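# Notes for the structure review
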Amino acid sequence: MTQVLQSRPRSFGNYAAVALFLAVYAGVLVFVFAPKDLISVQSPTALIATD
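Described in the following lines is the structure provided in the data block.

Counting across every chain of the model gives 1 aromatic pair. Ring geometry for Phe21 and Tyr25: centres 6.0 Å apart, planes at 20°, overall stacked. Taken together, the residues span about one helical turn, with Phe21 and Tyr25 both in helix H1 (residues 12-33) at a distance of 4 residues. Overall, Phe21 belongs to the exposed group, its relative accessible area being 54%. Exposure remark for Tyr25: the relative accessible area of 48% places this residue in the partly exposed category.

Conventions and cut-offs
- Residues numbered from 1 in each chain as written.
- Predicted model: local features only at pLDDT ≥ 70, side-chain atom pairs only at ≥ 80, totals over all residues.
- Heavy atoms only, no water.
- Phe/Tyr/Trp six-rings, centres within 6.5 Å; stacked < 30°, edge-to-face > 60°.
- Helix = DSSP H or I, 4+ residues; strand = E, 2+ residues; numbered from the N terminus.
- Buried < 20%, exposed > 50% of the residue type's maximum accessible area, 1.4 Å probe, protein only.

The structure is reproduced here in structure tokens:
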């Protein structure tokens, strides 16, 4: 006798977790591979010195 496995509907939480993981992963890749001029942080003392 053959039995057919019924597929369970995937919950929204699974898709949300995968989407969050991919968003964080893509953000880290952008931060790592971005040019250094694109992400530049100046210290507050450097901002005061330039005024």
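Text resumes after the structure shown.
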